[in-house]
Amino acid sequence: MKTFNVLVLCTGNSARSILGEALFNHLGKGRIRAFSAGSQPSGKVNPVALETLAAHGVPWPNAGHPRSKSWDEFAEPGMPRMDFIFTVCASAAGEACPVWPGHPATAHWGIDDPAHVEPLEARRAAFEVAYGELEKRIAAFLKLPLETMSTAAVAAAARKIHFEAGQ
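Reference entry: report on the structure contained in this document. (Residues numbered from 1 in each chain as written. Predicted model: local features only at pLDDT ≥ 70, side-chain atom pairs only at ≥ 80, totals over all residues. Heavy atoms only, no water.)

Regarding the nonpolar core
Part 1 of the argument: Grouped together as the largest cluster of nonpolar side chains are 41 residues, with contacts concentrated most on Phe24, Phe84, Phe86, Trp109 and Phe141.
Part 2 of the argument: Looking at this core, the elements that each hand over two or more residues are strand S1 (4-10), helix H1 (16-28), strand S2 (32-38), helix H2 (47-55), strand S3 (84-87), strand S4 (105-108), helix H4 (120-142) and helix H5 (151-165).
Part 3 of the argument: Ranked by residues supplied to this core, first place goes to H4 with seven residues.
Part 4 of the argument: If near-sequence neighbours (up to four positions away) are discounted, phenylalanine 84 is found in contact with Phe4, Asn5, Val6, Leu7, Pro104, Ala105, Phe141, Leu146 and Val154.
Part 5 of the argument: Listed in part, the eight residues of the second largest apolar core include Leu9, Phe74, Met82 and Ile85. (Core = buried A, V, L, I, M, F, W, Y, C linked by side-chain atoms within 4.5 Å. Buried < 20%, exposed > 50% of the residue type's maximum accessible area, 1.4 Å probe, protein only. Helix = DSSP H or I, 4+ residues; strand = E, 2+ residues; numbered from the N terminus. Contact = heavy atoms within 4.5 Å.)

Describing the environment of lysine 136
Part 1 of the argument: Relative to the assigned elements, lysine 136 resides in helix H4.
Part 2 of the argument: Judged by its relative accessible area of 46%, lysine 136 falls in the partly exposed class.
Part 3 of the argument: Taking the C-alpha atoms as reference points, lysine 136 and histidine 162, separated by 26 residues in sequence, lie 9.2 Å from one another.
Part 4 of the argument: Among the polar contacts listed, one links the side chain of lysine 136 to the backbone oxygen of alanine 165, at a separation of 3.3 Å. (Polar contact = N/O pair within 3.5 Å; in protein donor to acceptor, adjacent residues only side chain to side chain.)

Side note on the packing of aromatic side chains
Part 1 of the argument: Tallied over the entire structure, the rule returns nine aromatic pairs.
Part 2 of the argument: Ring geometry for phenylalanine 24 and phenylalanine 141: centres 6.0 Å apart, planes at 90°, overall edge-to-face. Placement of the pair is phenylalanine 24 in helix H1 and phenylalanine 141 in helix H4, with a sequence separation of 117 residues.
Part 3 of the argument: Residue phenylalanine 24 is classed as buried on the basis of its relative accessible area of 1%.
Part 4 of the argument: Taking relative accessible area as the criterion, phenylalanine 141 reaches 0% and is therefore assigned buried.
Part 5 of the argument: Within the aromatic cluster, the residues linked to one another by ring pairs are Phe4, Phe24, Phe84, Phe86, Trp109 and Phe141. (Phe/Tyr/Trp six-rings, centres within 6.5 Å; stacked < 30°, edge-to-face > 60°.)

Regarding the packing of H4 against H5
Part 1 of the argument: Packing of H4 against H5 leaves a shortest axis separation of 10 Å and a crossing angle of 145°. Between H4 and H5 lies a crossing of right-handed hand. Here Lys136, Arg137, Ala140 and Phe141 of H4 lie close against H5, whose contacting residues are Val154, Ala158, Ile161, His162 and Ala165.
Part 2 of the argument: Class assignment for the residues of the contact of H4 with H5 results in six nonpolar, one polar and two charged. (Axes fitted to C-alpha atoms, helices over the stretch in contact; angles between N-to-C directions. Left-handed = near helix turned anticlockwise from the far one by under 90°. Nonpolar A, V, L, I, M, F, W, Y, C, P; charged D, E, K, R; others polar.)

Looking at the pattern of salt bridges
Part 1 of the argument: Counting across every chain of the model gives nine salt bridges.
Part 2 of the argument: For arginine 124, the salt bridge identified is with glutamate 51, shortest N-O distance 2.4 Å. One end of the pair, arginine 124, is in helix H4; the other, glutamate 51, is in helix H2, and 73 residues separate them in sequence.
Part 3 of the argument: Taking the relative accessible area as the measure of exposure, glutamate 51 reaches 37% and is therefore partly exposed.
Part 4 of the argument: Linked through salt bridges whose partners overlap, the residues forming this network are Glu51, Glu121 and Arg124. (Salt bridge = Lys/Arg side-chain N within 4 Å of Asp/Glu carboxyl O.)

A look at H4
Part 1 of the argument: End to end, H4 covers 32 Å across 23 residues, agreeing with the expected 33 Å (1.5 Å per residue, within 8%).
Part 2 of the argument: Residues Arg123, Ala126, Phe127, Ala130, Tyr131, Leu134, Arg137, Ile138, Phe141 and Leu142 constitute the buried set of H4. (Expected span 1.5 Å × (residues − 1).)

Remember, this is a structural readout, not a statement about activity or role.
And the structure:
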């Protein structure tokens with residue numbers, strides 16, 4: 001079984017991309033090896049993101065510790081070659097991305113930012129919404145026959161998943 005590398009990008013790499021990384025790894029059950037990064041990483045993971053993952057029983061991969069990091073790390077020589085890249089916030093979708101070796105399939109799944117919602121209870125609710133939206137999209141993506149699809153077909157299917165999930 002081929003393992004696909006997925007990179008989930010956002011601006012701050014503190015909330016939505018963290019949820020996406022954990023969900024891809026958890027739901028992918030070894031078929032997916034996911035990473036996350038940001039164009040302007042905040043330097044810390046939002047604690048409500050970790051709280052939300054824990055509430056759903058989604059572990060952090062390999063009992064590791066999540067960290068907010070720059071997408072530049074993944075453009076360096078020797079880093080895993082990405083098969084699929086997802087942007088999960090509008091600002092990341094419009095920014096210039098580094099050149100990715102192998103020209104991976106890319107798609108934008110815009111998810112509202114829960115990180116700055118106030119008060120805290122409303123923020124927790126916003127994280128639940130973001131988690132649910134990502135889980136729905138990722139579960140649908142993982143049902144695709146990725147092993148037999150072209151890069152263009154995967155990108156088109158990912159865009160369709162986002163469109164249909166928003167209905």
